[in-house]
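# Structural features, examined
For reference, the chains in residue letters:
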Amino acid sequence: MKLTTDKIIVSGPCSAESRDQLLTTAEQLAAVGVTVFRAGLWKPRTRPGCFEGVGADGIEWMTEVRTRYGMRIATELNSVRNTELLLKAGVDIAWIGARTATNPFDVQDIADALRGCHIDVYVKNPVAPDSALWLGALERLERANIKGRIVAIHRGFCAWEKDIFRNNPIWSIPLWLKAQRPDLPVVCDPSHIAGQAKLVPHVARMALALGLDGLFVESHCNPSAALSDAAQQLTPEEFGQMMQDLKLTL
Ligand code: PEP
Ligand code: MN
């Protein structure tokens with residue numbers, strides 16, 4: 001399968017868990033046309049005692065994915081120290097997570113550490129529906145003279161009362177951002193909005209219908225065994241089927 005779209009398409013597991021899990025998932029995603037591979041190395045867990053990620057040990061597995069399958073590699077950074085490690089390792093894309101994006105001090109420190117770099121930087125919406133805080137994080141990165149592309153990710157907002165979704169989409173916020181900044185791509189992370197695999201294609205379709213610029217989706221070679229976000233990850237085959245249904249691959 002091959003991508004037939006100019007939308008931004010990123011997929012990969014929530015977390016890097018082992019070399020084998022990463023390479024197997026990447027191989028299967030490459031076969032359905034994925035060219036940008038995501039995996040979290042340091043996991044921002046809401047409560048302690050869960051899987052916190054493999055950390056820097058996973059960097060070489062990620063670079064192996066790039067060498068073997070020719071994919072660009074993306075991971076989350078959340079501190080100056082991680083940023084320095086990832087820049088040294090030469091990742092192609094780094095994203096700032098929803099929890100980090102809430103704190104302008106952290107975002108500014110990371111922006112300073114990224115100053116002048118050539119990688120693409122994606123910024124998730126903060127966990128609370130504060131559109132100016134999201135735009136502010138994006139602006140801090142823009143002011144750091146980053147040579148790669150800056151991209152916003154809508155991943156939904158924490159809600160006290162859970163509806164059907166894990167994180168409620170508030171579509172007017174990414175649309176407001178696009179109206180403010182038509183030059184800035186805004187993609188959707190349907191996985192963290194949906195919270196369950198069966199709703200992911202539905203959320204992805206809504207995002208595309210609203211004119212968002214791409215999809216950032218969690219896929220795992222064996223979702224039920226995943227160490228984080230097991231319920232919401234698609235298999236690479238399910239991901240490939242969704243892409244065909246959305247007419248984004250041939
Ligand atoms: C993730 O992408 O795995 C993640 C932790 O996302 P968020 O920051 O949106 O919760
Ligand atoms: Mn996740």
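Residues numbered from 1 in each chain as written. Chains lettered and ligands numbered in written order. Predicted model: local features only at pLDDT ≥ 70, side-chain atom pairs only at ≥ 80, totals over all residues. Heavy atoms only, no water.

This part is about the pattern of salt bridges. One pass over the structure, following the stated rule, counts eleven salt bridges. When the shortest N-O distance is used, the salt bridge between Arg66 and Asp92 registers 3.2 Å. Of the two residues, Arg66 sits in helix 2 (residues 59-69) while Asp92 sits in the loop between helix 3 (80-89) and strand 4 (93-96), which places them 26 residues apart along the sequence. Ionic pairing is found between Arg181 and Asp183, a salt bridge with its closest N-O pair at 2.6 Å. (Salt bridge = Lys/Arg side-chain N within 4 Å of Asp/Glu carboxyl O. Helix = DSSP H or I, 4+ residues; strand = E, 2+ residues; numbered from the N terminus.)

What follows covers the side chain of Asp120. Take Asp120: it is sitting in strand 5 (residues 120-124). On the basis of relative accessible area, Asp120 is assigned to the buried category, the value being 10%. Here Asp120 is in contact with Arg72, Asp92, Ile93, Ala94, Gly148 and Arg149, once residues within four sequence places are set aside. (Buried < 20%, exposed > 50% of the residue type's maximum accessible area, 1.4 Å probe, protein only. Contact = heavy atoms within 4.5 Å.)

Now for unusual backbone geometry. Although it is not a glycine, Asn145 adopts a positive phi angle of roughly 60 degrees. For Asn145, the position within the fold is in the loop between helix 5 (131-142) and strand 6 (150-154). Residue classification places Asn145 among the partly exposed residues on the basis of a relative accessible area of 45%. Even without being glycine, Asp229 reaches a positive phi, approximately 50 degrees.

Where helix 1 (residues 19-31) meets helix 2, the closest approach of the two axes is 10 Å, and the angle between their N-to-C directions is 30 degrees. Our classification of the angle between helix 1 and helix 2 gives roughly parallel. Judged by the sense of rotation from one axis to the other, the crossing of helix 1 with helix 2 is right-handed. In contact with Arg19, Leu22, Leu23, Ala26, Glu27 and Ala30 of helix 1, helix 2 contributes Trp61, Met62, Glu64, Val65, Arg68 and Tyr69. Here the contact of helix 1 with helix 2 is built from residues that sort into eight nonpolar, no polar and four charged. (Axes fitted to C-alpha atoms, helices over the stretch in contact; angles between N-to-C directions. Parallel < 35°, antiparallel > 145°, perpendicular 65-115°, else oblique. Left-handed = near helix turned anticlockwise from the far one by under 90°. Nonpolar A, V, L, I, M, F, W, Y, C, P; charged D, E, K, R; others polar.)

Right, let's talk about the nonpolar core for a bit. Counting residues in each nonpolar core, the largest one holds 67 residues, and the members touching the most others are Phe37, Leu114, Leu141, Leu215 and Phe239. Those residues in contact with Leu141 that sit more than four places away from it in its chain are Ile96, Ala111, Leu114, Val121, Val123, Ile146 and Ile150. (Core = buried A, V, L, I, M, F, W, Y, C linked by side-chain atoms within 4.5 Å.)

Turning next to the environment of Ser224. Of note, Ser224 is situated in the loop between strand 8 (214-218) and helix 9 (236-245). In this structure Ser224 comes out as exposed when scored by relative accessible area, which is 68%. Placed 21 residues apart in sequence, Ser224 and Val203 show a C-alpha to C-alpha distance of 21 Å.

The next thing to look at is the UniProt feature "domain: DAHP synthetase I/KDSA" (unreviewed entry) in the protein. As recorded in UniProt, the feature "domain: DAHP synthetase I/KDSA" (unreviewed entry) lies at residues 8-246. Segment residues 8-246 splits into 38% helix and 15% strand. End C-alpha atoms: 14 Å apart. (UniProt positions renumbered as here; feature names shortened; annotations may be inferred.)

Among all positions of helix 8 (residues 200-209), only Val200, Val203, Ala204, Ala207 and Leu208 are buried. Seen from one end, helix 8 has its buried residues packed into an arc of 135 degrees, which puts them on one side. Of the surrounding elements, those touching the buried residues of helix 8 are strand 7 (186-188), helix 7 (190-194), strand 8 and helix 9. Phi turns positive, to about 90 degrees, at Gly211, one or two residues after helix 8. (Arc of directions from axis to C-beta.)

Now for the environment of Gln241. Its location among the elements puts Gln241 in helix 9. As for Gln241 and Val32, which are separated by 209 residues in sequence, their C-alpha atoms are 8.7 Å apart.

Next up on the list: the site of ligand 1. Close to ligand 1 lie 13 residues, the nearest being Arg38, Lys43, Ala98, Lys124 and Arg155. Contact distances for ligand 1 include 2.7 Å between an oxygen atom and a side-chain N or O atom of Arg38. Here His192 contributes a side-chain N or O atom positioned 3.4 Å from an oxygen atom of ligand 1. For the shell around ligand 1, the class distribution of residues is four nonpolar, two polar and seven charged. (Near = heavy atom within 4 Å. Polar contact = N/O pair within 3.5 Å; in protein donor to acceptor, adjacent residues only side chain to side chain.)

Taken as a whole, this structure holds two aromatic pairs when the rule is applied. Relative to Phe216, the ring of Trp95 lies with its centre 5.2 Å away and its plane at 85 degrees, an arrangement referred to as edge-to-face. In this pair, Trp95 sits in strand 4 while Phe216 sits in strand 8, placing the two residues 121 residues apart along the sequence. Among the residues examined, Trp95 registers a relative accessible area of 1% and is labelled buried. Among the aromatic residues, ring-to-ring pairing joins Trp95, Tyr122 and Phe216 into one connected group. (Phe/Tyr/Trp six-rings, centres within 6.5 Å; stacked < 30°, edge-to-face > 60°.)

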